[in-house]
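Here is what each chain is made of, one letter per residue.
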Amino acid sequence: MRLLMIGLGACGLAACTSARPSSPPPSLDQAAVCLKTLDQRHIIYERVKDWKTPEGCGITQAVRVQHSAIDWNRATLLSCPMEETVWDFETKVVQPAAARNFGQTVRKMSNAGSYNCRGEIGGRPERMSQHAYGKAIDITGFELADGTVISVRRDWRVPGAKSTFLHEVAQGACKVFAVVLTPNHNAEHHDHLHLDIGPHKLCGY
């Protein structure tokens, strides 16, 4: 479902020169195809005006998602192609894992946000994070239909159905996203799953 387009304070052309080479923006047809896909999947979102900062951050095909295949704890700003991939993750990985382990569905997925203009944390800080382009999201937990809460921070290392579910979700995410980072990867990811569609490939499970 498409909602009202809103602006996000994009900078002027003279001030928007990126410090790094960037790929050409997608054609209007590409953007329209992606948005049409979101509409067909009944995703609730706002189309946000694309922008780029002097540091090279910014989002092309920007959307603020309020509800995907699963309800979210917060409206989240990310790129349209990223939301397409998140929807695939929710429907093809998360819900089947919940059915196997709990015999019910996930009604809410919690995230700590997507867009953040910064370098990588715990890796190569000189390289821009995919969060800087709205192509990454940090998942902190899930809530089942009966109200049961599953937390990456609390449940990842505690044997039981919750831990099994989280590990299955992380393994499945590696088939959907380019990069998946978990508490097993490093201390910076002790409380969330980092998922992105950047140019690099890593299953940090």
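Residues numbered from 1 in each chain as written. Predicted model: local features only at pLDDT ≥ 70, side-chain atom pairs only at ≥ 80, totals over all residues. Heavy atoms only, no water.

Visitor: Whenever I open this one, helix α4 (residues 161-173) confuses me. Can you help?
Guide: Residue pairs spaced three or four apart in an α-helix point in one direction, given the helix's 3.6 residues per turn. Here α4 spans 18 Å end to end across 13 residues, near enough to the 18 Å set by a 1.5 Å rise per residue. When α4 is considered as a whole, its buried residues turn out to be S163, F165, L166, H167, V169, A170, G172 and A173. (Helix = DSSP H or I, 4+ residues; strand = E, 2+ residues; numbered from the N terminus. Expected span 1.5 Å × (residues − 1). Buried < 20%, exposed > 50% of the residue type's maximum accessible area, 1.4 Å probe, protein only.)

Visitor: Please explain the side chain of S114 as it appears in this structure.
Guide: Along the chain, the position of S114 falls in the loop between β6 (106-111) and β7 (136-144). Assessed through its relative accessible area of 5%, S114 is described here as buried. Only 3.3 Å separates the side chain of S114 from the backbone oxygen of L77, close enough to count as a polar contact. Look past the residues within four positions of S114 in its chain and what remains in contact with it is T76, L77, L78, H131, G134, A136 and I137. (Polar contact = N/O pair within 3.5 Å; in protein donor to acceptor, adjacent residues only side chain to side chain. Contact = heavy atoms within 4.5 Å.)

Visitor: For this particular structure, what's the right way to read the pattern of salt bridges?
Guide: Inspection of every chain in the model, using the stated rule, returns six salt bridges. A salt bridge links R41 to D88; the nearest nitrogen and oxygen atoms lie 3.3 Å apart. Taken together, the positions of R41 in the loop between α1 (28-40) and β1 (44-47) and D88 in helix α2 (residues 80-102) put the pair 47 residues apart, joining distant regions of the chain. Two residues, E46 and R64, come together in a salt bridge whose shortest N-O distance is 3.7 Å. Of the two residues, E46 sits in strand β1 while R64 sits in strand β4 (residues 62-67), which places them 18 residues apart along the sequence. Classification of E46 by relative accessible area gives buried; the value is 17%. Given the relative accessible area of 23%, R64 is considered partly exposed. One salt-bridge network, held together by shared partners, links R41, D88 and K92. (Salt bridge = Lys/Arg side-chain N within 4 Å of Asp/Glu carboxyl O.)

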